[in-house]
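Chain and residue survey
So the chains spell out like this:
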Amino acid sequence: MADKKSRRLSPAVIATGLIVVLGIIFVSGSGFYTDLLWYSQVGYSKVFSTQVATETLLFLSVTVATALVLGLVLRLAFNARPSISVASRAFDAYRELLDQLRRAIQWGVPILIGIFAGLASSSQWKTVLLYLNRTPAGKRDAQFGLDVSFYFFELPFLRNVETLASAITLLAFIIGLAVHLVYGGFKFTGRQVTMSRPARLHVAFWAGAYLLVQGWSVWLDQYSAMTSTAGLYTGATYTDVNASIPGFQILAGISVMVAALFFAMAFIQRWRLPVLGIAALLVSSLILSGIYPWLVQNLQVVPNERTLESEFLKRNLDATRFAYGLDKVKTIQYDAKTTATTGALRKDAETTASIRIIDPALVSPSFRQLEQYRQYYNFENHLDVDRYTINGKSQDTVLAVRELNQSGLGGSQSWVNNTLIYTHGYGLVAAYGNQRSTDGQPVFLQSGIPSTGALGKFEPRVYFGEQSPSYSIVGSNSGGARELDYPGGTGSQGQTYTTFNGNGGPKLDNVFTRLLYAIKFQSEQILLSNSIDSKSQILYVRDPAARVKKVAPYLTIDSDPYPAVVDGRIQWIIDGYTTTSNYPYSRAENVSSTITDSNTVNDLGTTKINYIRNSVKATVDAYDGSVKLYAWDSTDPILKTWQKIFPNTVLPISKMSAQLISHVRYPEDLFKMQRAILGNYHVQDAGAFYSQQDAWMTPNDPTSSANELQPPYYLTMQVPGQSAPNFSLYTTFIPRSTGKSTRNVLTGYLVADSDAGTKAGAKASSYGQLRLLTLPRSTVVPGPGQVQNNFNSDSEVSRLLNILRQGSTRVLNGNLLTLPVGGGLLYVQPVYIQSTGETSFPLLKKVLVSFGDKIAFEDTLNAALDSLFGGSSGASAGDSGSGATGGSTGGGSSTGSTVTNDTLAKALDRANKALTAKAKALAAGDWAAYGKADAALKAAV
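A word on the overall build of the protein chain. Tallying secondary structure elements over the protein chain gives 27 helices and 33 strands in all. In the protein chain, which comprises 941 residues, the share counted as buried stands at 52%. As displayed, the protein chain offers around 41500 Å² of accessible surface, 56% of which is attributable to carbon and sulfur atoms.

This is the structure in structure tokens:
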């Protein structure tokens, strides 16, 4: 009795155990509930509920089905064991163990395996939903004539079902076989094996079932050949079509026949036929899937590969071009001139006037020094390029959001400061892309705190950005939770405060919700702080790309979200792609390695795809985080299917405002994927494609020492085939290198029209048009690497650069732009200098230009073009070395108007007064006055 009492659990132990279990459940469930709150607040609860419901149903259905099947197998095997064991004594120990644990094994093993199967299956919720809501694509594959939606939606689902069925049948066979073996269902006499009737029925049924599933798997293998990369190209080759695919079909039939023999064994009680069937299946598999295809490939195809594979190469060419959106590329023969002549740029005056000399990859330090104001603000290292209409003309701009950088608080960091006080960035800073000041600084068209400039009035506060804190708590009426708005204010105020009044996050209006978020962010202050009240909201998932990914989990997000002032708000514009790796005959590319170049910051993972569409344009409001998805490519079958799954979550393009349309641009990552494919697939003849004699590649960035690809660039220009300048994205091609040698001459030039127009609810018909300028082989146009080498080796350029390097300064080469103007290809490169001091920033001091084999190196772009083209070029470039207007300092023609001495004196007087007022405002921390003085200085200049 004493032992029994000692083994009883005390009430305290039981209570402790219950508390621990309930605590685990509560902590695990807190993440679910906070996700529910987040999705409900952002307006995409349908996405969350559909995903959770599908995962739950999959888990339960697969778990129950697996557990029932395996449980039934175990029960039948245990119930059918002989009353007197005839098994070998070698199994006595196992039999005794099974007898002791029979109940636990009968229930525990099926349930445990079922749970694992359920968890694995629940992760396939996307595949199941796509299958159930599949949409025809209207495009058929070249081999079987099936709609390609079969490969998008049906084949992945069938593969998953086949894998699950194969695992269950194999486990059922093995588990039942083990029980029958231990309990004497098999009797071994010499070389003979005798089975009991239950054991024979088990082997016959489950072996036959497994063979049926394997036959189904082999049948599906013929469709998988459509995306196989094992051959010369992606897709079914001549050998696949004439040997492997017929072999798969025959093997599937043999598997069904052998399965039938096993089913028959349950009644005829003979092993010979099933064993012979297995042997025949193995031999057939060896011949049909190995030997015969090998013979066809090596004896028939290899000696005649170019001829026999031509039909299938053409399939690959057509499918790949369509899958990557290259089927409508306009190829233009461009007979580029290599000799600069006077007046050659006259027809391209608008293009040369808008040449962007400000490098977005270099001027971030300039933005920081001139516009950061406080250490708790920051700008991205690589700035964005967009365009705005200024005084009726489209103007390329380099811009960035002034985001919050809490690490700049240094020793002032605390939970209160990081969570309640310093909650948001402030303003957007934009500079003219084609202008610089006399000392080489960017010329800002929008700047200051408060924000002033040509972009008008807009909500400047940035609660949602690429550098935002993981979470902030805002909106409280408590006096202890005033948020810092910006440094400075009216009168003697050193700071201006604000209170968030949008709908940006779940409300912390009860103790239970606060407790859940305290657990989520592992911060007890969320529960205990007196500065949080019923009006408080918690903002999290603040990165625009992550926010879109969370509400649209089916999208691949572009690596470069960019900000734009749209309808009085700062909106992050994000491109979303629908992708798959299952397009028949299309070549697969690794996304991450393909988009990586010298400017790449974000990594999209190692996923391989062979179909991509920019199907969605998304916006995230920088103030309240509201997310909107727009169906940019409404013809895409994958997007159509997801719209069925998540109805009313993607808005039609008709809901896009005119301002939003005007800031949409052709996405850079898609363009990089297309240029990688086009390097081989610009040819459309199967024979030329096979020989690869005209293969191209993207040149390395000549300004980078890391052998990284040159990034594409946005620029407003007019290229052959266009009737007017267009905001475009472009890149160059050189011959693909062979071995160690690279011939760095231009072979092609790809341009994507990136201007979607200004009409609300509709994109311009020219948007997305790809133009490929191909250069004749008889013309040798230097490539970017060769031009950079010419710059570096030119004696006069070297002499001037050495002068710039005197003292504690270094020279930085800006982006090398290639422009199809003047009947040829013009290279333009800004040259910056930067001192070695900690607070220094790059200053644009020189401009290098090249046309053919001629080089010019002057203080301004105007002067460089005039020098290159022999006097007046007939064009007026935007850079004059003194802001918006002014005279050239490099010996070129002046673009400014003539002024009198009296006018100049008055302007100088105004500039001096503005400088004095600016200095006083800076000392007093009065940023409103500082902004006015800065604007007055710019006007005077």
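If you look at the biggest cluster of nonpolar residues, it comprises 199 residues, and the most contacted ones within it are Phe367, Leu629, Leu819, Leu826 and Val849. If sequence neighbours within four positions are ignored, phenylalanine 367 has contacts with Gln372, Phe379, Leu383, Val398, Leu399, Ala400, Val429, Ala431, Pro442 and Phe444. Within the second largest apolar cluster, 14 residues are counted, among which are Leu70, Phe78, Ile175 and Trp206.

Here we take up the pairing of strand β27 (residues 748-753). Where burial is concerned, most of β27 is hidden: six out of the six residues are buried. Sheet topology note: the strand β26 (residues 726-735)/β27 ladder contains six bridges and is antiparallel. Among the inter-strand pairings, serine 728 is bridged to a residue of β27, identified as aspartate 753.

Turning our eyes to something else, we now look at unusual backbone geometry. Here the residue pair isoleucine 449 and proline 450 is connected by a cis peptide bond, since its omega of -5° sits within 30 degrees of zero. In this structure, proline 450 sits in the loop between β10 (442-447) and β11 (452-453). Phi at tyrosine 585 takes a positive value of approximately 75°, unusual for a residue other than glycine. Its place among the elements puts tyrosine 585 in the loop between β19 (569-580) and β20 (589-590). Here tyrosine 585 falls in the buried class, since its relative accessible area comes to 1%.

Sheet architecture is open: five strands sit in the order β5-β6-β9-β10-β11, paired in antiparallel fashion. Looking at strand neighbours, the two that pair on one side only are β5 (384-390) and β11, the edges of this open sheet. Note: β5 against strand β6 (residues 393-401), seven bridges, orientation antiparallel. When the bridges of β6 are listed, aspartate 386 appears paired with threonine 397.

Here we take up helix α13 (residues 364-371). Among all positions of α13, only Ser364, Ser366, Phe367, Arg368 and Glu371 are buried. Residues of α13 that are buried make contact with β4 (377-378), β6, β9 (428-436) and β10. Downstream of α13 by a residue or two, tyrosine 373 has a phi angle that is positive, lying close to 70°.

Our next topic: the confidence of the model for the protein chain. Of all residues in the protein chain, 87% attain a pLDDT of 70 or more, and the chain-wide mean is 86. In the model of the protein chain, helix α1 (residues 2-7) stands out as the element of lowest mean pLDDT, 48, in contrast to strand β23 (residues 627-631), which has the highest, 98. Low confidence marks residues 1-6, where pLDDT is under 50. Its contacts with residues over four positions away, or in another chain, come to zero contacts. pLDDT under 50 marks residues 883-902. Its contacts with residues more than four places away, or in other chains, come to 34 contacts.

This brings us to the pattern of salt bridges. Considering all chains together, one arrives at 23 salt bridges under this definition. We note a salt bridge from arginine 587 to glutamate 589, for which the minimum N-O separation is 2.8 Å. Arginine 587 gets classed as partly exposed once you look at its relative accessible area, which sits at 23%. Each of Asp597, Glu668, Lys672 and Arg675 takes part in one network of salt bridges that share partners.

In this section: helix α23 (residues 784-793). Where α23 is concerned, the buried positions are Pro784, Val787, Gln788 and Phe791. Along α23, the residues classed as buried sweep out an arc of 100° about the axis, all on the same side. Tucked into the core, α23 has its buried residues touching β26, α24 (795-804), β29 (809-813), β31 (826-835), β32 (843-851) and β33 (854-858).

Here the focus is the side chain of threonine 34. One can find threonine 34 in helix α2 (residues 11-42). For threonine 34, a relative accessible area of 0% puts it in the buried group. Side-chain polar atoms of threonine 34 contact the backbone oxygen of glycine 31, separated by 3.0 Å. Each residue touching threonine 34, except ones within four places of it in the same chain, is listed here: Leu516, Tyr517, Lys520 and Tyr540.

Let us look at the packing of helix α6 (residues 149-182) against helix α7 (residues 197-224). In contact at an axis separation of 9 Å, α6 and α7 are set at 160° when each is read in the N-to-C sense. In terms of orientation, α6 and α7 fall into the roughly antiparallel class. For the element pair α6 and α7, the recorded crossing hand is left-handed. Taken together, the residues that form the contact of α6 with α7 break down as 21 nonpolar, eight polar and three charged.

What follows concerns a nonpolar patch on the surface. Among the surface-exposed residues, Val283, Leu286, Ile287, Ile291, Tyr292, Trp294, Leu295 and Leu299 lie close enough to one another that they form a single nonpolar patch of about 800 Å² accessible area. Judged by relative accessible area, leucine 295 falls into the partly exposed class, the value being 34%.

Turning our attention to the packing of aromatic side chains. One pass over the full model with this rule turns up 41 aromatic pairs. Taking the centre distance of 5.0 Å and the plane angle of 55° together, the rings of tyrosine 426 and tyrosine 486 count as tilted. With a gap of 60 residues between them, tyrosine 426 in strand β8 (residues 425-426) and tyrosine 486 in strand β14 (residues 483-487) connect regions that are remote in the sequence. Residues tyrosine 426 and tyrosine 486 agree in their burial class; the two are buried. Of the aromatic side chains, those joined through ring pairs into one cluster are Phe152, Phe153, Phe322, Tyr583 and Tyr611. Sitting above the plane of the phenylalanine 322 ring, arginine 613 keeps its charged end 5.1 Å from the centroid.

On to the environment of glutamine 269. Positionally, glutamine 269 belongs in the loop between α8 (238-268) and α9 (272-301). Here glutamine 269 falls in the exposed class, since its relative accessible area comes to 53%. Separated by 72 residues in the primary sequence, glutamine 269 and arginine 197 place their C-alpha atoms 8.8 Å from one another.

Right, let's get into the pairing of strand β18 (residues 562-566). Most of β18 is tucked away: five of the five residues are buried. Burial along β18 is two-sided: the residues Tyr562, Ala564 and Val566 and Pro563 and Val565 are all buried. The sheet contact formed by β18 and β19 spans five bridges and is antiparallel. Opposite valine 566, over in β19, you have arginine 569 as the bridge partner. Between the end of β18 and the start of β19, which pair antiparallel, lie two residues, with aspartate 567 showing a positive phi angle near 50°.

Definitions and limits used
Residues numbered from 1 in each chain as written. Predicted model: local features only at pLDDT ≥ 70, side-chain atom pairs only at ≥ 80, totals over all residues. Heavy atoms only, no water. Helix = DSSP H or I, 4+ residues; strand = E, 2+ residues; numbered from the N terminus. Buried < 20%, exposed > 50% of the residue type's maximum accessible area, 1.4 Å probe, protein only. Areas by Shrake-Rupley, 256 points an atom, 1.4 Å probe, with all protein chains shown as cover. Core = buried A, V, L, I, M, F, W, Y, C linked by side-chain atoms within 4.5 Å. Contact = heavy atoms within 4.5 Å. Pairing = 2+ DSSP bridges. pLDDT = per-residue confidence, 0-100. Salt bridge = Lys/Arg side-chain N within 4 Å of Asp/Glu carboxyl O. Arc of directions from axis to C-beta. Polar contact = N/O pair within 3.5 Å; in protein donor to acceptor, adjacent residues only side chain to side chain. Axes fitted to C-alpha atoms, helices over the stretch in contact; angles between N-to-C directions. Parallel < 35°, antiparallel > 145°, perpendicular 65-115°, else oblique. Left-handed = near helix turned anticlockwise from the far one by under 90°. Nonpolar A, V, L, I, M, F, W, Y, C, P; charged D, E, K, R; others polar. Patch = residues over 30% accessible without salt bridge, like charges linked within 9 Å, V, L, I, M, F, W, Y side chains within 5 Å. Phe/Tyr/Trp six-rings, centres within 6.5 Å; stacked < 30°, edge-to-face > 60°. Lys NZ or Arg CZ within 6 Å of the ring centre and 35° of its normal.

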